[in-house]
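# Summary of structural features
The lines below spell out each chain.
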Amino acid sequence: MTTAVSAPIAAGTWTIDPAHSAVAFSVKHLMVSKVRGNFESFSGTITVAEDGTPAVQAEIDVTSITTGSEQRDGHIKSADFFDAEKFPKATFVSTGVAPKGDDYILTGDFTLKGVTKSVELALEFNGVNPGMGHGPVAGFEATTVLNRKDFGIDIDMPLEGGGVVVGDKVTITLEIEAGQPA
């Protein structure tokens, strides 16, 4: 059960600024290191009701993945992983926000590769700034760890000596700046 929480930002619609935000991930590679990457195209809004109740909606263009290797990016877009031709978008729709100490837990329905699961994100509110003449901006950081197999990304690439090429746990890190028009 999610406790109602009043948003620390003003009522209205706040739009994610992709030029000042990032959607990144990391996943174990060869059992000893991590591959890191990000998505270059994403959008979303934070809507705060008059009573302070926040709601978040976001969309990620999975075809915009970049890991620093075109070959790897192409493989991740293939049916082995995202099947981006059939499922080009991942979406998140919040279902609640609850306080946790000085921070929050943001819950919501995350859809990837046609599979929707409830997820929890550890959310840190970084504050509000009056902006630079275009209205106030708010900053947030959020993280979660997903099991890729929960979303139908169940390719197994075993290593000869044991273990796998790609780990099951994927850490998602969001650095979000959202603005509200003046």
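The present account deals with the structure reproduced in this document. (Residues numbered from 1 in each chain as written. Predicted model: local features only at pLDDT ≥ 70, side-chain atom pairs only at ≥ 80, totals over all residues. Heavy atoms only, no water.)

Let us look at the pattern of salt bridges. Side-chain pairs of opposite charge can arise where the charged atoms are in close proximity. Per the stated rule, a full pass over the model turns up three salt bridges. When the shortest N-O distance is used, the salt bridge between Asp 168 and Arg 148 registers 3.3 Å. Of this pair, Asp 168 sits in strand E11 (residues 166–179) while Arg 148 sits in the loop between strand E10 (137–147) and E11, placing them 20 residues apart in sequence. The exposure class assigned to Arg 148 is buried, which follows from its relative accessible area of 6%. (Salt bridge = Lys/Arg side-chain N within 4 Å of Asp/Glu carboxyl O. Helix = DSSP H or I, 4+ residues; strand = E, 2+ residues; numbered from the N terminus. Buried < 20%, exposed > 50% of the residue type's maximum accessible area, 1.4 Å probe, protein only.)

All right, on to a nonpolar patch on the surface then. Residues Leu 30, Met 31 and Val 32 make up a contiguous nonpolar surface patch of roughly 300 Å² in combined accessible area. Take Met 31: it is sitting in the loop between strand E2 (22–29) and strand E3 (33–39). Judged by relative accessible area, which is 45%, Met 31 ranks as partly exposed. (Patch = residues over 30% accessible without salt bridge, like charges linked within 9 Å, V, L, I, M, F, W, Y side chains within 5 Å. Areas by Shrake-Rupley, 256 points an atom, 1.4 Å probe, with all protein chains shown as cover.)

Below, the discussion takes up the side chain of Lys 113. Along the polypeptide, Lys 113 turns up in the loop between strand E8 (103–112) and strand E9 (115–129). Here Lys 113 occupies a buried position and makes no salt bridge, while the nearest side chain of opposite charge, Asp 154, is found at 5.5 Å. Not counting the four nearest positions on each side in its chain, Lys 113 is found in contact with Ala 79, Asp 80, Phe 81, Phe 82, Asp 83, Phe 87, Phe 151, Gly 152 and Ile 153. (Lys, Arg positive; Asp, Glu negative; His and termini not counted. Contact = heavy atoms within 4.5 Å.)

In terms of strand pairing, strand E1 (residues 12–16) meets strand E4 (residues 42–48) through four bridges, oriented antiparallel. By the bridge assignment for E4, Gly 12 is matched with Val 48. Across two bridges, E1 lies against E11 in antiparallel orientation. Bridge pairing in E11 places Ile 16 opposite Ala 178. (Pairing = 2+ DSSP bridges.)

What follows is about the side chain of Thr 111. Within the fold, Thr 111 resides in strand E8. Among the polar contacts listed, one links the side chain of Thr 111 to the side chain of Thr 116, at a separation of 2.5 Å. Once residues lying within four places of it in the same chain are set aside, the contact partners of Thr 111 are Lys 89, Ala 90, Thr 91 and Thr 116. (Polar contact = N/O pair within 3.5 Å; in protein donor to acceptor, adjacent residues only side chain to side chain.)

Attention now goes to the nonpolar core. Note that soluble globular proteins tend to have their nonpolar side chains buried in a common cluster. Ranked by internal contacts, the top residues of the largest apolar core, which has 43 residues, are Phe 39, Ile 46, Phe 82, Phe 110 and Leu 112. It is E11 that contributes the most residues to this core, six residues altogether. With residues up to four places along the chain from it excluded, the contact list for Phe 82 reads Phe 39, Val 62, Ile 65, Ile 76, Lys 77, Phe 87, Leu 112, Lys 113 and Ile 153. (Core = buried A, V, L, I, M, F, W, Y, C linked by side-chain atoms within 4.5 Å.)

In this structure, E4 lies alongside strand E5 (residues 54–61), joined through seven bridges in antiparallel fashion. Bridged to Ile 46 within E5 is Val 56. Here E4 hands over to E5 after five residues, with Gly 52 in that stretch at a positive phi of 90°. Looking at chain direction, E5 and strand E7 (residues 89–100) are connected through five bridges and run antiparallel. Following the sheet pairing, Glu 59 is matched in E7 by Thr 91.

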